[in-house]
Amino acid sequence: MTSPDLAAVPFDAVAAAHPDPAFPRFHPRPAQGWINDPNGISFINGRYHVFFQYNPDSARHHRIAWGHVSSADLVRWEEHPVALRPQDGGPDEYGCWTGVVTDDDGVPTAAYSGVRSDGGHSQVVIARGSQDLVDWNQTGHVAATMPDDGLVTAVRDPFIFHFNGRRYAMQGAGLANGHAALLLYTVDDLSDWKYQGIWLTSENPVAATFTPAEIWECPQLVQVPDSSGAETWLMMFSLWLAGDSHEHANGVGHLVGSLAEDPATGLPVFTPRTGGKSDLGRDFYAPQVVSLADRALLWGWANEGPGRDGRRGRSQDEIDAAGWAGVLTFPRELSVVDGALAVSPAPEIDAYRGELLARRASGTVPVPAFAEAMVRASIEGPVELLLVGNGSRQMVFSGSIASGEELRVFVDASLVEVYRSGSVATTLRAYPAAGEEWQLSLPAGATADVWTLAGPA
């Protein structure tokens, strides 16, 4: 039985009571505090669980814990108490950073990056959870330390995958020669990871083209549905460069390829064929993907973007005053179509579609602060999403739409997500000032339907 102080809180109640008009109503997060990377995404005992890096005490990145929300249907979300906290004197005393949750012989288990002090090396720390993933036992057990490899200068963000009936793990890394890398581990025992060496680096010509970085952060490796019927694997990295400081100008990239067993070592070998950007917006980073029986789902982090493009972002003073920072995207479904990554909102998101407000052909369409717009075109032309008012017009999104193409645009207060059929998404943050409204500008030959976003019945 869950004690009263551990009772879940429905997110719609949190959002409805929030005083900040920029706070999202359909993207679950705590009412206060800083959040960043989604972690531990899993589907266990009939519920989707999304953890995330979280500072409950302020809207700044410091002494990171793990927050926790869950849902049975990807639409009705509940907020749970903090799952993992930095342990004084433990291997995670400076922060419980990015990691995963997996089922280890029936025991929900977190494997995450723990850091002892600012500037210290990351280690893989293990914690065991209750069946409902609400209570966690943090003993400070370290499953993998910094590798004894002079070429490896930085390690972070463990990810677990299965191949040919065996469990493996990888971590992102940076090398002394300036290249990014993946490190491979065998994980027959989740409490004791065996380092197998540097697995892939940005010296690979395909990786150099599509995923250049100094450190590959938040590495992912999942099998995704492929329209060709081929067995296709997707690698995704957050592309860290020195001096990023939560700006992440390099964004997120991916590689599409195949996984095979090396006949000499028995270890898996990933062969990339192609790749690209995983999101076209500047406010998207550190996604995590969960591979299920028939689908692969992704959540990403959209930060507040202080100081960028003037009024598009919030200053640090404004963030501190608001008391919260960071949003997670809608769950996104991944597939490969004609060799390229295609990203769409999970079909469950359709449950948020409320009243039809407008159906417009060309021209300008007003869009409320919580809305979905569907744009279709018979000829190619530009589509723009703007903030208009007080004598100004601020461009938030601009892109072309081709004949027969479809754009879905979601506005949830200060978070904008644009999905293009057969392509990747675009994630942006923008903050309407008093007297401003959202407008969608359509080209000739395009039509748009606009609905409110509303809680499901």
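Refer to the structure printed above.
Residues numbered from 1 in each chain as written. Predicted model: local features only at pLDDT ≥ 70, side-chain atom pairs only at ≥ 80, totals over all residues. Heavy atoms only, no water.

Caption draft 1: Broad picture of the overall build of the protein. Along the protein, the regular secondary structure elements total three helices and 31 strands. Taken over 457 residues, the protein has a buried fraction of 58%. Taking all contacts inside the protein whose residues are at least 6 apart in sequence as the whole, residues at least 24 apart take part in 59%. About 17500 Å² of surface is accessible on the protein, with carbon and sulfur atoms providing 50% of the total. Charged side chains in the protein number 30 positive and 55 negative. The centres of these two groups are separated by 5 Å. (Helix = DSSP H or I, 4+ residues; strand = E, 2+ residues; numbered from the N terminus. Buried < 20%, exposed > 50% of the residue type's maximum accessible area, 1.4 Å probe, protein only. Contact = heavy atoms within 4.5 Å. Areas by Shrake-Rupley, 256 points an atom, 1.4 Å probe, with all protein chains shown as cover. Lys, Arg positive; Asp, Glu negative; His and termini not counted. Charge placed at Lys NZ, Arg CZ, Asp CG, Glu CD.)

Caption draft 2: Expanded view of the nonpolar core. Phe161, Trp193, Trp199 and Leu334 are the most contacted members of the largest nonpolar core, which has 104 residues in total. Looking at which element gives the most residues to this core, the answer is strand S12 (residues 180-189), with seven residues. Leave out the neighbours within four places in its chain, and Trp199 touches Phe161, Met170, Leu182, Leu183, Leu184, Leu221, Met235, Leu259, Pro268, Val269 and Phe270. Among the nonpolar cores identified, the runner-up in size contains 26 residues, and Val365, Ala371, Val375 and Ala448 belong to it. (Core = buried A, V, L, I, M, F, W, Y, C linked by side-chain atoms within 4.5 Å.)

Caption draft 3: Inspection of the environment of Ala213 at higher detail. Here Ala213 lies in the loop between helix H2 (205-210) and strand S14 (215-224). Excluding its chain neighbours within four sequence positions, the residues that come into contact with Ala213 are Gly178, His179, Ala180, Ser202, Leu239, Trp240, Leu241 and Asn250.

Caption draft 4: Just the packing of aromatic side chains, in detail. Per the stated rule, a full pass over the model turns up 21 aromatic pairs. Here the aromatic rings of Phe51 and Trp136 are separated by 5.9 Å at their centres, their planes lie at 85°, and the arrangement is edge-to-face. Note that Phe51 is positioned in strand S3 (residues 47-55) and Trp136 in strand S9 (residues 136-144), a separation of 85 residues in sequence. A relative accessible area of 0% places Phe51 in the buried class. (Phe/Tyr/Trp six-rings, centres within 6.5 Å; stacked < 30°, edge-to-face > 60°.)

Caption draft 5: A look at the pairing of S14. With respect to burial, S14 is a largely interior element, nine of its 10 residues being buried. With eight bridges joining them, S14 and strand S15 (residues 232-240) adopt antiparallel strand pairing. What sits directly across from Trp216, in S15, is Leu239. (Pairing = 2+ DSSP bridges.)

Caption draft 6: Representation of the sheet that holds strand S4 (residues 65-71) in the model. Pairing is mixed in the open sheet, where six strands are placed in the order S1-S5-S4-S3-S2-S20. Only two strands of the sheet have a single partner each, and these edge strands are strand S1 (9-10) and strand S20 (324-325). Pairing analysis gives two bridges linking S1 to strand S5 (residues 77-84), with the strands arranged antiparallel. Its bridge partner being in S5, Pro10 is matched across the sheet by Glu78.

Caption draft 7: Structural detail: unusual backbone geometry. Even without being a glycine, Asp105 presents a positive backbone phi close to 50°. Even without being a glycine, Asp157 presents a positive backbone phi close to 65°.

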